[in-house]
Amino acid sequence: MSEVQRRKYSQVEKNSIFDGEFMPHIDSMYNFAYRLTFDEDDAKDLVQDTYLKAYRFINSFEQGTNAKAWLFRILKNSFINEYRKKSKQPAKVDYQEVETYYNSDDVDFQGTTDLRAESVKDMLGDEISNALNSLAVDFRTVIILCDLEGFTYEEMAKILDIPIGTVRSRLHRARNLLKEKLKGYAQHMGYDTDEEE
């Protein structure tokens, strides 16, 4: 452990680091969290949890280093831990909500929902976002970190805790998957998508 990591910051120093180095990244933290969770409330909870952990473990942060990369790593680890925890839990049903529905006047309504119309309504958004969101989380993460957030390969390797070669190959595969998913959209928009060998 280095001297800086063992150093205890005073309360004033902690607040200064938090406000000066951590808070400017809150928007990119939320964007990354939203891209991982696809839910505004879950993204906000994840960012809040990240900032809580960052403040709690601020003594392990080396002042003057890349705060954004440090925060992204905390966020990514929190997401993975929460994902694992949720995947081991059975699905939950709010019985109060079910009871309220069946006791309401809406229960006699015989209308059915056209699921095709409902799903198409939500799919009419940005095709690129939809294609990105359809990627597996490992591939989506490297695209977001590199192409949207602008991290270097070295920073991504530290955030994701994987070798730099894995970062490069995962990014290459992710871009190829995204390219394949967007091929039809590109053709529809008038772009030539024929492969040049």
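Residues numbered from 1 in each chain as written. Predicted model: local features only at pLDDT ≥ 70, side-chain atom pairs only at ≥ 80, totals over all residues. Heavy atoms only, no water.

**Student:** Any chance you could explain helix 3 (residues 26-37) here in plain terms?
**Tutor:** Every α-helix winds through 3.6 residues per turn, so residues three or four apart in the chain are directed the same way. An ideal rise of 1.5 Å per residue puts 16 Å on twelve residues; helix 3 measures up with 16 Å between its terminal C-alpha atoms. Of all the positions in helix 3, only Ser-28, Met-29, Phe-32, Ala-33, Leu-36 and Thr-37 are classed as buried. Taken end-on, helix 3 shows its buried residues confined to a sector of 160 degrees, consistent with a single buried face. At the exit of helix 3 stands Phe-38, carrying a positive phi of roughly 65 degrees. (Helix = DSSP H or I, 4+ residues; strand = E, 2+ residues; numbered from the N terminus. Expected span 1.5 Å × (residues − 1). Buried < 20%, exposed > 50% of the residue type's maximum accessible area, 1.4 Å probe, protein only. Arc of directions from axis to C-beta.)

**Student:** How should the packing of helix 10 (residues 153-160) against helix 11 (residues 164-181) be read in this particular structure?
**Tutor:** A pair of packed helices is characterised by two quantities: the angle between their axes and the separation of those axes. At a minimum axis distance of 9 Å, the contact between helix 10 and helix 11 shows a crossing angle of 100 degrees. The angle between the axes of helix 10 and helix 11 places the two elements in the roughly perpendicular class. Two secondary-structure elements touch here, helix 10 through Tyr-153, Glu-154, Met-156 and Ala-157 and helix 11 through Ile-164, Val-167, Arg-168, Leu-171 and Arg-175. (Axes fitted to C-alpha atoms, helices over the stretch in contact; angles between N-to-C directions. Parallel < 35°, antiparallel > 145°, perpendicular 65-115°, else oblique. Contact = heavy atoms within 4.5 Å.)

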